[in-house]
Structure formats: C-alpha cells, structure tokens
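Breakdown of the fold
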Amino acid sequence: MNAGLHALLVGYASVALLLTAGYAAVRLVLGVAPRLGVLLSAGQVLRLGRATLLLALVLFPLSAAVRGLIPAAPLFTFDRSVVQRTGRIPGPAWAAAPKAGSVVPGAASSATSPIAVGAVVLFGVVVAALWTRQLVRHGRLLRRLEVLPRVRQVGRVAVALGGADTPAFSAWFPRLDAGPSAWVVVPSALLEDAEALRLTVTHELQHHRQRDTVLAFGRMLLGGLFFWNPVVHAFSRWLAECQELACDEALVTSGRVRPHAYARCLLQSSLRTSPHSLPAGVAGMAHPTLRRIEMLFHHRPMQSHRPAALVAAVALLLTPLALWAQSATKGRVVTLEEAQALAQATNREGDIPVVVDAQVVERLNAMVATPKGRAFMRMALDNLRTHREALVAPLRAKGLPEGLLAVAVMESGVRSLPESQTSGMRAAGMWQFIPSTARRFGLTVSAERDERMELSRETAAAAAYLSELQARYGDWRLVLAAYNQGEQKVDRVIADAGSRDAGALARAGHLNNYASTVQAGLLILRNPQLLD
C-alpha cells in the first residue's frame with residue numbers, strides 16, 4: 001500500500017479509536033470522581049466532555065508533529081556528521097521505485113492495490129454523500145427560517161416564530177452575507193404565555209452564548225465522517241445532553257430565571273415535543289427532563305481546579321494510546337533477519353559486502369523508519385542520481401568498488417558542503433575532508449581556493465585515500481572506521497584489543513558506529529524500496 005495512503009488510513013482509524021476511548025475515559029472519570037469526593041457542576045462536565053473530544057481529535061496529529069520536530073535520538077552519531085544540516089535541506093518528493101522482482105522479506109508490497117483504492121474511494125463517496133445530505137438539510141432549514149415571522153433581531157441574532165407544534169431550538173449557520181447567522185425559533189403557541197416565551201428565548205440564547213450551536217454544527221459533520229462508529233454518535237448525544245444541563249444551570253445560578261417557573265417551562269416543552277423532532281445540527285429544549293428539573297434545585301458549586309485536573313486525567317489515559325497508534329505511521333521496522341536476507345540477496349561479487357549485525361539494523365531503521373531519516377536518504381539518493389557518474393569514474397580508476405558511494409551519501413548527502421561551523425573538524429565537500437587530510441592528498445585548501453569544493457578533484461583524492469586504507473587493512477569495515485576516525489586511532493584500537501573484528505570493536509565501544517552507518521546506507525542504495 002502507498003505510504004501516504006497508509007498514513008491517512010492509520011490516522012483516520014487512530015482518531016476513531018481515540019474518540020471511542022475518549023468517551024469511555026470521560027465516563028469512567030465522571031463515574032470515579034464522586035467516589036473521590038469530587039463533585040462537578042453541569043458546566044464543568046460539559047467543558048470536560050468538550051476537552052475530551054478535542055483531545056481525541058488532536059492528540060494523534062499532535063504526537064506526529066512533535067515526533068517529527070523532536071526525534072527521540074540523533075539520526076547519526078559519527079564524528080563528521082552533516083545531519084545538523086538536514087533540517088535546512090528540503091527533502092525532495094522523489095522516491096526510487098523498487099527493482100523488478102525486488103521484495104523486502106516479510107514486508108507488504110508498497111504498491112496500492114485496486115481493491116484498497118476502491119474501498120477508500122467508496123468510503124469517501126459515502127462520507128461526501130452524508131455530508132452533502134446533512135448540509136442540504138441544514139441549508140433547507142435556513143431557507144425555512146428566512147421566511148418565518150421574526151419577533152426580534154439584534155445584529156446577526158434573530159428570534160423567529162415557528163408553527164404551534166414546532167419545537168423550540170437554536171441554530172447557527174456559517175454565512176458570508178449580512179443575514180442572521182444565529183437563530184432562535186420558538187413555537188407560536190407560546191405567544192399565549194409571556195413567561196414561557198421569555199424563558200424559552202432566554203434558554204435558546206444561552207445556547208448561543210455557550211457556543212453550543214456552533215459545536216452542534218461541528219458534531220453533525222463529525223458524525224458523518226465517523227458514520228459507522230456508534231460510540232461517536234453516543235458521544236455526540238451525551239454532549240448534547242450535557243449542554244442542555246449546563247444551559248439550565250447557567251440560567252438558574254445567574255438569577256436570570258426562577259427555578260420553579262423554569263422547571264414548569266421545561267416540563268411543558270417536553271410534553272409538547274420530543275428530542276427526535278429537532279432538526280439536525282441544532283440545540284433545543286426537548287431533551288430528557290426529569291434529571292434537568294432535579295438539577296435545577298440541586299446544582300453544584302463550581303471549583304475551577306476540578307475540571308482541569310480531570311482533563312489531565314483523561315489526557316493521561318489517551319496519550320499512551322495516541323503514541324501507540326502514531327507509531328504505526330512511522331514506517332515498518334526492518335528486523336535483523338530481514339536485513340540479513342536483503343544483504344545476502346544484494347551483495348555483489350567484487351563490491352563491499354554488507355555484514356549485518358544489530359548495530360547495522362539499528363542504523364538502518366534510523367534511516368527508513370523515521371521521517372527525518374527518510375527525508376535525508378531520499379535527498380541523498382536524488383543528489384546521487386545527478387552526480388553518480390562523476391563519483392564512480394575516479395573510484396573505478398583506482399579499482400575501487402562502487403559501494404563506496406555510500407560514504408559520500410552518509411558524509412554529505414552527496415552535496416558539496418562548505419566547512420561546518422559547528423563540528424569543529426572543518427570538514428568540507430562531498431567526501432567531508434578535513435584540511436590536513438585534503439592537503440595530504442594534493443588538494444589546495446586556502447582562503448583563495450578550496451579544492452574540496454571541486455567534485456572531480458575531491459573525489460580523486462577520496463579514491464586515493466580509500467585505496468591506501470584498503471591496502472593497509474584489507475577489511476572494508478576497518479577502512480571505513482579509519483576514514484572516519486583516522487588510521488592512528490584504528491591501529492591503536494587493534495593493538496590494544498588484539499582483534500581486527502570491526503563489529504566486535506564497535507560493540508565494545510572501541511570504535512564508533514560509522515562503519516555500521518555506511519553499511520546501512522549501502523543496503524538502502526541497493527534496496528531503495530525500503531524508503532517507500
């Protein structure tokens with residue numbers, strides 16, 4: 001499956017999972033809170049529910065953004081690294097296509113099957129149809145409201161009279177013209193009861209003050225996007241009930257209505273209409289009444305710290321789930337067995353053999369299983385496609401294998417970089433020669449001219465240096481270690497440890513992981529489908 005489509009599907013499924021878990025978490029927290037002596041007002045419960053909904057929607061993309069901006073560890077740790085520059089180098093969109101017949105052992109094909117595409121298109125059509133239906137109904141409701149007689153209009157808020165059996169409700173519409181966007185509809189039967197009319201209008205206006213009507217519109221769209229998930233619909237219904245209780249509480253505690261008169265108004269409204277008669281995407285009075293009337297006379301005092309603490313508790317419950325779900329988008333991790341199979345299948349006679357161990361797999365996954373690593377390698381492979389012949393020719397002239405291109409890939413991303421101002425090594429060029437080594441192999445390094453920035457000259461010097469190291473050590477992993485850390489360091493380590501096993505010397509901490517990094521890079525050069 002295509003990586004972008006896979007990430008989209010995982011993201012959608014993860015948000016659906018977080019919405020389901022969020023609803024369960026908030027109900028669990030609200031069930032446990034009274035046992036701990038934490039009593040919440042209706043307004044606090046509503047804020048907790050809304051905060052939980054917001055957390056469920058943003059935790060997954062937020063964790064992905066944080067993970068992309070703040071990696072858990074550096075991508076590369078060898079001495080002359082240019083990874084500190086990769087954040088300023090835009091990664092190209094190019095990704096090499098896999099060679100014919102080349103398949104990652106145990107991995108699914110990166111090609112998107114027609115069935116998957118068809119399923120996604122069908123799902124998109126269903127969601128679009130549901131949204132269209134809901135928006136059309138909402139638009140029809142607005143057109144009906146425009147022709148109703150208006151009792152009053154203040155700014156963009158209008159109070160209109162519906163039919164005698166029309167339920168009282170409030171609605172909001174996103175509008176660019178000068179017409180009313182916030183509406184309150186009351187049944188014409190209330191004209192005979194001035195007190196009930198005043199209380200009903202006050203109630204519906206409170207919905208607008210609480211932004212219930214705006215969020216009802218959003219919940220309508222959310223319900224269409226997750227039409228198959230009954231928990232999302234239950235979450236939406238619960239929030240609608242909570243906003244009614246919060247509205248009642250706000251009116252009573254502020255003193256704008258008298259509890260007994262308001263309770264009588266609620267009872268009359270529930271007898272006149274049912275919740276199912278309310279249009280979609282609106283807020284209204286026709287909701288279960290018994291609990292609301294009881295709450296009017298037993299409302300709880302608000303304590304501001306309580307909802308914040310409970311939101312934190314819900315966040316603690318959801319965050320591990322979001323991080324777990326987000327890990328599914330970071331790319332498939334290559335196992336030791338798979339990397340060994342890849343190396344065995346792509347090692348070429350006369351070229352550098354890739355000896356896969358745990359360190360090579362660790363470096364390989366740092367490049368293929370993280371956004372930062374994939375961006376760096378795709379950029380490097382794109383640059384290599386441009387400079388490949390200019391780099392290969394000097395290597396061939398010295399009888400060196402083409403696999404040494406991985407050195408230029410890992411050193412600079414195949415870019416002629418000027419002297420680093422951060423490393424302290426003053427390395428430059430594609431092969432990242434330091435001044436002393438460059439001069440040793442005939443390159444001019446001065447204020448007037450730096451031949452390390454001349455591709456042909458520097459590559460010829462790199463080929464001479466690598467040829468000399470191969471003649472000295474006869475082991476490509478030791479050659480790579482010496483290229484990075486110097487011959488004196490490698491000679492001293494071999495003498496002290498009494499071993500020439502570069503892998504064992506690195507595992508013991510005597511050598512760094514540069515050779516493993518280059519071998520991992522070479523494995524990607526031979527299997528670019530790992531970046532798909």
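The model shown is predicted, which means the values in this text are computed figures rather than measured ones. (Residues numbered from 1 in each chain as written. Predicted model: local features only at pLDDT ≥ 70, side-chain atom pairs only at ≥ 80, totals over all residues. Heavy atoms only, no water.)

1. Quick notes on the overall build of the chain
The following threshold applies: Helical segments are the DSSP runs of H or I of at least four residues, strand segments are the runs of E of at least two, and each set is numbered from the N terminus. Here's how the labels work: a residue is buried when its accessible area is under 20% of the maximum for its type, exposed when over 50%, partly exposed in between, all with a 1.4 Å probe on protein chains only. Here a residue-residue contact requires only that any non-hydrogen atoms of the pair lie within 4.5 Å. Using a 1.4 Å probe, the Shrake-Rupley method yields the accessible areas, and only the shown protein chains count as cover for residues.
A count of helical and extended segments in the chain gives 20 helices and five strands. Here the chain holds 532 residues, and 49% of them are scored as buried. The contacts in the chain between residues at least 6 apart in sequence include a share of 73% that link residues at least 24 apart. A total of about 24,800 Å² of accessible surface is found on the chain, and carbon and sulfur atoms cover 61% of it.

2. Comments concerning the environment of Glu195
Here Glu195 shows up in helix α5 (residues 194–209). The exposure class of Glu195 is partly exposed, given its relative accessible area of 27%. Placed 67 residues apart in sequence, Glu195 and Tyr262 show a C-alpha to C-alpha distance of 9.2 Å. The contacts of Glu195, once residues within four sequence positions are left out, are Arg258 and Ala261.

3. Digging into the confidence of the model for the chain
The following threshold applies: pLDDT measures how confident the predictor is about each residue, on a scale from 0 to 100.
Mean pLDDT for the chain: 83, with 83% of residues reaching 70 or above. Overall, residues 69–111 carries pLDDT values under 50, and its contacts beyond four positions in sequence, including any with other chains, amount to 93 contacts.

4. Regarding empty space enclosed by the protein
Keep this limit in mind: Here a cavity means grid points, on a 1 Å grid over the protein atoms only, where a 1.4 Å probe fits yet cannot get out; a pocket means an open set of points with protein on both sides within 12 Å along at least five of seven lines; lining residues are those with an atom within 4 Å of a point. Grid points are joined across faces, edges and corners, and a volume is the space filled by probe spheres set on the points. In this count, Pro and Cys sit with the nonpolar residues alongside Ala, Val, Leu, Ile, Met, Phe, Trp and Tyr, while Asp, Glu, Lys and Arg are called charged and the others, Gly among them, polar.
As enumerated under the stated definition, the model contains one cavity of 30 Å³ or more in all. Where the lining of the largest cavity is concerned, the elements lending two or more residues are α17 (476–485), α19 (502–507) and α20 (514–526). Along the lines of polarity and charge, the residues of the lining of the largest cavity split into five nonpolar, six polar and two charged.

5. Comments concerning the pattern of salt bridges
What counts, and what does not: Salt bridges are defined as contacts in which a side-chain nitrogen from Lys or Arg sits within 4 Å of a carboxyl oxygen from Asp or Glu.
Within the structure shown, the criterion is met by 21 salt bridges. Between Glu451 and Arg457 there is a salt bridge, with its nearest N and O atoms 2.9 Å apart. Residues participating in the shared-partner salt-bridge network are Arg440, Glu468, Arg472, Glu487 and Asp491.

6. What about the packing of α17 against α20?
A pair of packed helices can be characterised by two numbers: the angle between their axes and the separation between those axes. For clarity, the cut-off: Only the contacting stretch of a helix is used when fitting its axis, a line to C-alpha atoms as for every element, and angles between N-to-C directions run 0 to 180 degrees. Helix crossings get a hand from a simple test, with the near helix turned counterclockwise from the far one by less than a right angle marking a left-handed crossing and a clockwise turn marking a right-handed one.
The geometry of α17 relative to α20 is characterised by a closest axis approach of 8 Å and an angle of 115° between their N-to-C directions. Once α17 is placed against α20, the crossing between them reads as right-handed. Contact residues: Arg477, Leu480, Tyr483 and Asn484 in α17; Tyr514, Ala515, Val518 and Gln519 in α20. A class-by-class count of the residues in the contact of α17 with α20 yields five nonpolar, two polar and one charged.

7. Some points on a nonpolar patch on the surface
We apply this condition: Residues form patches when they are more than 30% accessible in relative terms and have no salt bridge. Like charges link within 9 Å. Nonpolar side chains (Val, Leu, Ile, Met, Phe, Trp, Tyr) link within 5 Å.
On the surface, a nonpolar cluster with roughly 380 Å² of combined accessible area is contributed by Leu28, Val32, Leu36 and Leu317. Note on placement: Val32 falls in helix α1 (residues 3–32).

8. Regarding helix α18 (residues 487–497)
Test applied: Arc, as used here, means the arc of the directions from the helix axis to the C-beta atoms.
The set of residues buried in α18 consists of Glu487, Val490, Val493 and Ile494. Projected down its long axis, α18 carries its buried residues within an arc of 135°, all on one side. The exposed residues of α18 that point more than 90 degrees off its buried face are Gln488, Ala495 and Asp496. For α18, the elements touching its buried residues are α15 (435–440), α16 (455–473), α17 and α19.

9. What to know about the packing of α17 against α18
Convention followed: The labels follow the angle: roughly parallel below 35 degrees, roughly antiparallel above 145, roughly perpendicular from 65 to 115, and oblique for the rest.
Two elements in contact, α17 and α18, have axes separated by 7 Å at closest approach and are oriented at 130°. Accordingly, the angle class assigned to the pair α17 and α18 is oblique. Contacts between α17 and α18 involve Leu478, Ala481, Ala482 and Gln485 from the former and Glu487, Lys489, Val490 and Ile494 from the latter. In terms of residue class, the contact of α17 with α18 is built from five nonpolar, one polar and two charged.

10. A closer look at the nonpolar core
Stated formally: The set of buried Ala, Val, Leu, Ile, Met, Phe, Trp, Tyr and Cys residues whose side-chain atoms join them within 4.5 Å is what this entry labels a nonpolar core.
Core analysis: the largest hydrophobic core is formed by 68 residues, its most contacted members being Leu364, Leu404, Trp431, Tyr483 and Ile524. Top element by residues in this core is helix α13 (residues 371–397). It accounts for nine residues. Discounting chain neighbours no more than four positions away, the residues touching Leu404 are Ile352, Leu395, Trp431, Leu466, Trp476 and Leu480. Listed in part, the 37 residues of the second largest apolar core include Leu48, Leu53, Phe235 and Ala325.

11. Focus on the packing of aromatic side chains
The cut-off we apply is this: Stacked, tilted and edge-to-face are the three classes applied to pairs of Phe, Tyr and Trp rings, where Trp contributes its six-membered ring and a pair requires centres within 6.5 Å; stacked means planes under 30 degrees apart, edge-to-face means over 60, and tilted covers the rest.
Enumeration over the complete set of coordinates arrives at 12 aromatic pairs. Aromatic pair Tyr12 and Trp228: ring centres 6.4 Å apart, planes at 55°, arrangement tilted. Of this pair, Tyr12 sits in helix α1 while Trp228 sits in the loop between α6 (212–225) and α7 (230–254); the two residues are 216 residues apart in sequence, bridging distant segments of the chain. Aromatic pair Tyr23 and Trp238: ring centres 6.1 Å apart, planes at 65°, arrangement edge-to-face. With Tyr23 in helix α1 and Trp238 in helix α7, this pair connects stretches of sequence that are 215 residues apart. Just as Tyr23 is buried, Trp238 falls in that class too. Through a chain of ring-to-ring contacts, the aromatic side chains of Tyr12, Phe123, Phe226, Phe227 and Trp228 assemble into a single cluster.

12. Some points on α17
Inclusion rule: Counting of polar contacts relies on pairs of N or O atoms within 3.5 Å, with two restrictions inside protein: one atom must be capable of donating a hydrogen and the other of accepting it, and residues adjacent in sequence are counted only when both atoms are side-chain atoms.
Taken across its 10 residues, α17 has nine buried, putting it largely inside the fold. Buried within α17 are the following residues: Trp476, Arg477, Leu478, Val479, Leu480, Ala481, Ala482, Tyr483 and Asn484. In this fold, the buried residues of α17 make contact with α14 (405–412), α16, α18, α19 and α20. Capping the start of α17, Asp475 holds a side-chain oxygen 2.9 Å from the backbone nitrogen of Arg477, two or three residues further along. Looking one or two residues past α17, Gly486 carries a phi angle of roughly 95°, positive in sign.

13. Concerning the pairing of strand β4 (residues 182–187)
If a strand is regular, its side chains alternate between the two faces of the sheet. As a reminder of what qualifies: Pairing between two strands requires that DSSP report at least two bridges joining them.
The buried fraction of β4 amounts to six of the six residues, a majority that puts the element mostly inside the structure. The side-chain alternation of β4 yields two buried faces, one formed by Ala182, Val184 and Val186 and the other by Trp183, Val185 and Pro187. Sheet topology places strand β2 (residues 157–162) next to β4; six bridges connect them, and they run parallel. Bridge pairing links Val157 to Ala182 in β4. When strand β3 (residues 169–172) meets β4, the two strands line up antiparallel, connected through four bridges. Each residue of the ladder has a partner; that of Trp172, found in β4, is Ala182.

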